[in-house]
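Here are the chains, one letter per residue:
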Amino acid sequence: MSKADEVFLKVEDLEVIYTSGKKNVQAVNKVSFELKKGQTIALVGETGAGKTTIAKSILRILPNPPAKMLGGRITLEGRELTSLSEEEMLDIRGGKIAMIFQDPMTALNPLMTVGDQIVEGLLLHNDYDKDAAENRAKEMLELVGIPKDRFVEYPYQFSGGMKQRVVIAMALACNPLLLLADEPTTALDVTIQAQVLDLIRNLKEKYNTSMILITHDLGVVAETSDTVAVVYAGEIIEYADKRELFINPCHPYTNGLFGSLPGMTEGESRLKPIAGSPPDPTDLPKGCAFAPRCPYVMDECIESKPDMKEISPGHFCRCIKAGKEI
Amino acid sequence: MVKYIIKRLLGMILILLATSLIIFTILYFTPGDPARTIAGATATAEDVENMRHIMGLDKSYIEQLGDFLYSTFIKFDLGDSWVYNKPVINEMMIRLPRTLFIGLSAMALNLFLGIVMGIFAATHEGKWQDSLTMGFAMVFISCPDFWVALMMILLFSATLNLLPAYGIGGIQYYIMPIICSALGGIAVNARQTRASILGVFREDYITTAKAKGQKENIIVWGHMLPNALMPIITSIGNGFAKIVAGTPVIESVFSIPGLGLYMLTAINSRDYPVVRACVLFFAFFTAISMLLVDLAYAFVDPRIRARYQTVKKKETK
Ligand SMILES: Nc1ncnc2c1ncn2[C@@H]1O[C@H](COP(=O)(O)OP(=O)(O)O)[C@@H](O)[C@H]1O
Ligand SMILES: [Mg+2]
C-alpha cells in the first residue's frame with residue numbers, strides 16, 4: 001500500500017485525437033496531473049473540453065477508431081497502464097479503476113437485470129461463486145439505497161436517479177482504488193443530485209477511494225475535491241489546490257468561470273458562461289487557445305502558446321500574465 | 001402471457017377463414033374448366049358433364065363455398081385430390097417432413113453463418129475482412145438459386161460424382177438442396193446482423209461493459225448481439241414463414257417430392273383441393289411463425305415482455 005502523500009496516479013503528456021474523415025479533432029493535448037491516495041481531483045471545463053476523453057483514456061476504453069492516443073504515460077501505483085497488454089488491462093478495468101458515466105439512462109444494458117449487471121463485474125474480479133456474487137450485489141444495492149429484492153428487475157423499471165445508483169453500485173462493487181466519476185449528476189433531477197453526490201462521497205470516504213470527478217458544478221468542486229484542474233480546448237490551463245484556486249484564480253478563463261461568485265451560494269454555483277465559444281477543435285489556434293475570447297489578449301498570446309508556469313507552490317497556470325497583476 | 005397467446009390463436013382462425021374465402025374465390029373465377037382437364041383430352045362432353053357433377057362443380061358459387069368451408073373448418077377435412085382421388089392431408093403429411101427438413105436445415109445454416117459473418121464484418125468494420133465478407137454476401141444475393149443449383153449439380157454430380165443430382169433417399173440427397181436454399185438467407189442475415197451490431201456498437205452500455213473489464217468476445221456475444229437481435233429476429237421470422245412455401249424452385253430442380261412441388265403440380269393440373277389445402281397450410285404456418293417472432297421479441301426484451309403481462313408491475317420512482 002502506498003503512503004498517504006505518495007503519488008498514486010500520474011498522468012503525463014496525455015495526447016488524444018479523434019479522426020473524423022480527413023480532419024483531426026485535437027481532443028486532449030499534453031495533459032498532465034497527479035493524484036494522491038484517497039484524494040479527489042476535479043476536472044472542470046466547458047462541454048467539449050476533453051474531460052470525458054481524459055477519463056476514458058485512463059481506462060483505455062476510447063472507441064478506436066475514431067480515437068487515437070498519440071502519446072503520454074499513465075501510471076497507477078507505479079505501474080504504467082499505457083504499456084500494459086489488453087489482457088492485463090482487463091484486470092484494471094472495473095477491478096482497480098471503475099467509472100461512473102454521464103448518462104445513467106443509457107449506461108445500463110436494457111436487456112439484463114440490474115442484479116446480473118452488478119454480478120458480471122463481481123465475477124470478473126473476485127473468486128466469488130455465483131451465490132456469493134449475488135449476495136454481494138444485493139449488499140451493494142442496499143448500500144446505494146435500493147431494496148435488494150429489486151435485484152431481478154430491469155433498467156426500464158428504474159428512474160434516472162435509481163439507475164445512477166445502480167451504476168454507482170456497479171462501479172464500487174469491486175472496491176476500486178480509483179473512481180472516475182464523469183458528471184455523475186448532470187443528467188439527474190436537481191432534487192436528487194445532492195443525494196447521489198452524497199452517496200458517492202460517503203462511499204468514497206468509506207473505502208478510501210481516490211477519485212477523478214468531472215463536473216460543471218463549482219459547488220460540487222468546493223465540497224468534494226482536493227485539487228482542481230481547469231480544462232480548456234484539450235489542455236489543462238490551470239491546476240491547483242482547491243482553496244488556492246478559489247481564492248486566487250489566475251487564468252482569465254478560470255476567472256471568468258469562477259468570477260463574481262458571491263460566497264458560493266446554492267444555485268449560484270454553476271459555471272458562468274463566458275462570452276464567445278471554444279475554438280474549433282479541428283483547427284486550434286497556434287497561440288493560446290483562449291486568446292480569441294480573452295479580454296486581456298496581447299499580440300504575444302496569438303503568436304505562441306504560453307508555457308505552464310508554477311506561480312506558487314503547487315499552483316500552475318498557462319498564461320503569460322500569470323503571477324503578474326492583471 | 002398465456003392469455004395473449006390464446007388471443008393470437010383465436011385471431012389466427014379469422015386469418016384462415018379469410019384466406020379460405022380469398023383462395024376459393026380466386027380459383028372459382030379462374031378461367032378454364034377443371035373438369036375438362038381432369039376428365040382428360042379424349043373425354044366427350046357428356047363425360048365432362050358427369051365429371052362436373054361428381055366434383056360438385058355444377059353447384060352455385062355460394063353452395064360450393066359453403067361446402068368447402070363446412071368440410072374444412074367443421075369436419076377438419078381438406079378433401080380428396082381430384083387427380084388421385086386420395087385424401088390431400090395424407091399426401092401432405094408424407095411430403096411435409098421433406099420440405100421442413102430442407103427448410104429448417106437451410107435456416108439453421110443461414111442463421112449460423114449469417115450471424116457469424118455479420119459479427120465478423122462488424123467487428124472489422126472498414127477493414128479488408130469487412131469488405132471481403134460483405135463481398136461474399138453480395139455474390140450470394142446476386143446469384144439466382146436455380147442457377148447455383150444447376151452449377152452445383154454440374155460440379156458435384158456430373159463431374160465429381162460425389163452427390164446424387166435428384167430424387168430422395170439418404171441424407172446425401174438433401175445436401176445440395178439445403179445449401180442452395182440457404183445461400184440467399186446467409187447473405188440477408190449477414191448484412192442484417194452487421195448493420196444491427198454496428199447500430200449498438202457505440203451504445204453507452206457497451207462502454208459500461210468494457211469499463212467493467214469484460215472480455216471483447218463476451219461483450220460482442222453477450223451484450224451486443226442480444227441488443228442487435230430485434231431486426232435479426234424479424235428477418236428470421238420472414239425466412240421461417242417462407243420455409244414451407246419456400247422452395248418450389250429448389251424442389252423442382254432437384255426433383256424432391258415436397259410441398260412446394262406438390263402445389264406447383266396441382267396448379268398445373270387444376271387439382272384445386274390440393275392448391276387450396278396447400279395455400280391454407282402456408283397461411284397457417286406463416287401465422288404461427290409471426291406468433292413465434294412476437295414471442296421471441298418478448299423473450300429477448302423485458303420491456304416487450306412487460307407489455308404482454310396482464311398484471312402490470314409497478315413503475316417505481
Ligand atoms: N467519438 C468521437 N468522435 C469524434 N470526436 C469526438 C468523439 N468523442 C468526443 N469527440 C470530440 O472530442 C472533444 C472532447 O470531447 P469530450 O471528451 O467528450 O469533452 P467533454 O467531456 O469535456 O465534454 C470534443 O471536441 C468532441 O467533439
Ligand atoms: Mg463529457
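Residues numbered from 1 in each chain as written. Chains lettered and ligands numbered in written order. Predicted model: local features only at pLDDT ≥ 70, side-chain atom pairs only at ≥ 80, totals over all residues. Heavy atoms only, no water.

*Asks:* Hey, could you run me through the overall build of chain A in this one?
*Replies:* The secondary structure content of chain A amounts to 11 helices and 12 strands. Against the compact-globule benchmark of 20 Å for 326 residues, chain A has a radius of gyration of 20 Å, which places it among compact chains. Residue burial in chain A is summarised as follows: out of 326 residues, 55% are buried. Relative to all contacts within chain A whose residues are 6 or more apart in sequence, the contacts with residues 24 or more apart total 65%. (Helix = DSSP H or I, 4+ residues; strand = E, 2+ residues; numbered from the N terminus. Rg over C-alpha atoms; globule rule 2.2 N^0.38 Å. Buried < 20%, exposed > 50% of the residue type's maximum accessible area, 1.4 Å probe, protein only. Contact = heavy atoms within 4.5 Å.)

*Asks:* So what exactly am I meant to see when it comes to the sheet that holds strand β3 (residues 40-44) of chain A here?
*Replies:* Within a sheet, each strand pairs with its neighbour through backbone hydrogen bonds, oriented either parallel or antiparallel. All names here are of chain A. Reading across the sheet, the 8 strands line up as β6-β7-β8-β3-β9-β10-β12-β11 and stay open at both edges, with mixed pairing between neighbours. The open sheet has two free edges, formed respectively by β6 (97-100) and β11 (309-312), since each of these has just one partner strand. Here the strands of the sheet are splayed against their neighbours by 20 degrees on average, with no regard to which way each runs. One ladder, built from 2 bridges, connects strand β10 (residues 235-241) with strand β12 (residues 315-317); its direction is antiparallel. (Pairing = 2+ DSSP bridges. Axes fitted to C-alpha atoms, helices over the stretch in contact; angles between N-to-C directions.)

*Asks:* Just checking my understanding: could you explain the site of ligand 1 for this structure?
*Replies:* Residue and element names in this part refer to chain A. Around ligand 1, 13 residues are found, and the nearest of them are Gly-48, Gly-50, Lys-51, Thr-52 and Thr-53. Between Tyr-18 and ligand 1, the recorded distance is 3.5 Å, taken from a side-chain N or O atom to a nitrogen atom. Between ligand 1 and the protein, one listed contact pairs an oxygen atom with a backbone N or O atom of Gly-50 at 3.0 Å. Out of a free accessible area of 550 Å², ligand 1 has 70% covered by protein chains. Contributing elements (two or more residues each) for the shell around ligand 1: β2 (23-36) and α1 (51-59). With 3 residues, α1 is the largest single contributor of residues to the shell around ligand 1. The class makeup of the residues in the shell around ligand 1 is 6 nonpolar, 5 polar and 2 charged. (Near = heavy atom within 4 Å. Polar contact = N/O pair within 3.5 Å; in protein donor to acceptor, adjacent residues only side chain to side chain. Areas by Shrake-Rupley, 256 points an atom, 1.4 Å probe, with all protein chains shown as cover. Nonpolar A, V, L, I, M, F, W, Y, C, P; charged D, E, K, R; others polar.)

*Asks:* Teacher, can you tell me more about the pattern of salt bridges here?
*Replies:* If the charged atoms of two oppositely charged side chains come close together, the side chains can form a pair. Residue and element names in this part refer to chain A. Per the counting criterion, the structure on display carries 20 salt bridges over all chains. Between Glu-134 and Lys-130 there is a salt bridge, and its shortest N-O distance comes to 3.7 Å. Residue Glu-134 and its partner Lys-130 are both found in helix α5 (residues 130-143); the two are separated by 4 residues, about one turn of the helix. Overlapping salt bridges, with partners in common, bring together Glu-12, Arg-73 and Glu-80 in one network. (Salt bridge = Lys/Arg side-chain N within 4 Å of Asp/Glu carboxyl O.)

*Asks:* Got a minute to help me understand the pairing of β3(A) in this structure?
*Replies:* Taken residue by residue, a regular strand's side chains alternate between the two faces of the sheet. All names here are of chain A. Along β3, 5 of the 5 residues are buried, which leaves the element largely enclosed by surrounding structure. Of the two faces of β3, the one carrying Thr-40, Ala-42 and Val-44 and the one carrying Ile-41 and Leu-43 are both buried. With 5 bridges joining them, β3 and strand β8 (residues 210-215) adopt parallel strand pairing. Paired with Ile-41 across the two strands is Ile-212, which belongs to β8.

*Asks:* Please clarify how the interface of chain A and chain B should be interpreted in this entry.
*Replies:* Accessible area lost upon the coming together of the parts is a frequently used measure of interface size. Across the contact, 32 residues belong to chain A and 24 residues belong to chain B. Counting the surface lost from both chain A and chain B, the interface buries some 2500 Å², and carbon and sulfur atoms represent 57% of this. Where chain A packs against chain B, one counts 1 salt bridge. Between Glu120(A) and Lys212(B) there is a salt bridge, with its nearest N and O atoms 2.6 Å apart. Here chain A is connected to chain B by 13 residue pairs in polar contact (both at pLDDT 80 or more). Secondary structure elements with two or more residues in the side of chain A that touches chain B: α1, α3 (104-107), α4 (114-125) and α6 (160-172) of chain A. Considering each element in turn, the side of chain A that touches chain B owes the most residues, 5 residues, to α4(A). (Buried area = accessible area lost by both parts, 1.4 Å probe.)

*Asks:* I tried to follow the confidence of the model for chain B on my own but got confused; where do I start?
*Replies:* Low pLDDT marks stretches whose predicted atomic positions should not be read closely. Residues and elements named next belong to chain B. For chain B, mean pLDDT is 87; residues scoring 70 or higher make up 97% of the total. The model gives residues 311-317 a pLDDT under 50, and that stretch makes 8 contacts with residues more than four places away or in other chains. We note a pTM of 0.82 for the whole complex and an ipTM of 0.87 for its interfaces. (pLDDT = per-residue confidence, 0-100.)

*Asks:* So what exactly am I meant to see when it comes to a nonpolar patch on the surface here?
*Replies:* Residues and elements named next belong to chain B. There is a patch of nonpolar side chains on the surface, built from Phe-101, Leu-109, Phe-112, Leu-113, Val-116, Ile-171, Ile-175, Ile-179 and Trp-221 and spanning about 760 Å² of accessible area. Of all the elements in the fold, those that place two or more residues in the nonpolar patch are α5 (88-123) and α8 (175-201). Considering each element in turn, the nonpolar patch owes the most residues, 5 residues, to α5. A relative accessible area of 30% means that Leu-109 is categorised as partly exposed. (Patch = residues over 30% accessible without salt bridge, like charges linked within 9 Å, V, L, I, M, F, W, Y side chains within 5 Å.)

*Asks:* Looking at this model, I keep getting lost on α5(A). Mind explaining?
*Replies:* For an α-helix, the turn length of 3.6 residues means that residues three or four places apart are oriented alike. Residue and element names in this part refer to chain A. Under the 1.5 Å per step criterion, the end-to-end length of α5 is 20 Å for 14 residues, consistent within 8% with the ideal 20 Å. Listed in full, the buried residues belonging to α5 are Ala-133, Arg-136, Ala-137, Met-140 and Leu-141. Around the axis of α5, the buried residues are gathered within 145 degrees of arc, so they sit on the same side. Check the buried side of α5 and you find it contacts α4, α6 and α7 (190-207). Within two residues after α5, Gly-145 carries a phi angle of roughly 85 degrees, on the positive side. (Expected span 1.5 Å × (residues − 1). Arc of directions from axis to C-beta.)

*Asks:* Mind showing me how you'd approach the side chain of Glu15(A) here?
*Replies:* Residue and element names in this part refer to chain A. Of note, Glu-15 is situated in strand β1 (residues 7-20). Its relative accessible area of 16% is what places Glu-15 among the buried residues. Look past the residues within four positions of Glu-15 in its chain and what remains in contact with it is Gln-26, Val-28, Asn-29, Lys-30, Lys-68, Met-69, Leu-70 and Gly-71.

*Asks:* Teacher, can you tell me more about the confidence of the model for chain A here?
*Replies:* All names here are of chain A. The pLDDT averaged across chain A works out to 87; a share of 93% of its residues lies at or above 70. Confidence, read as mean pLDDT per element, is least for helix α10 (residues 252-258) in chain A (84) and greatest for α4 (95). For residues 260-267, every residue scores under 50 in pLDDT, and the model assigns this stretch 11 contacts once sequence neighbours within four places are set aside.

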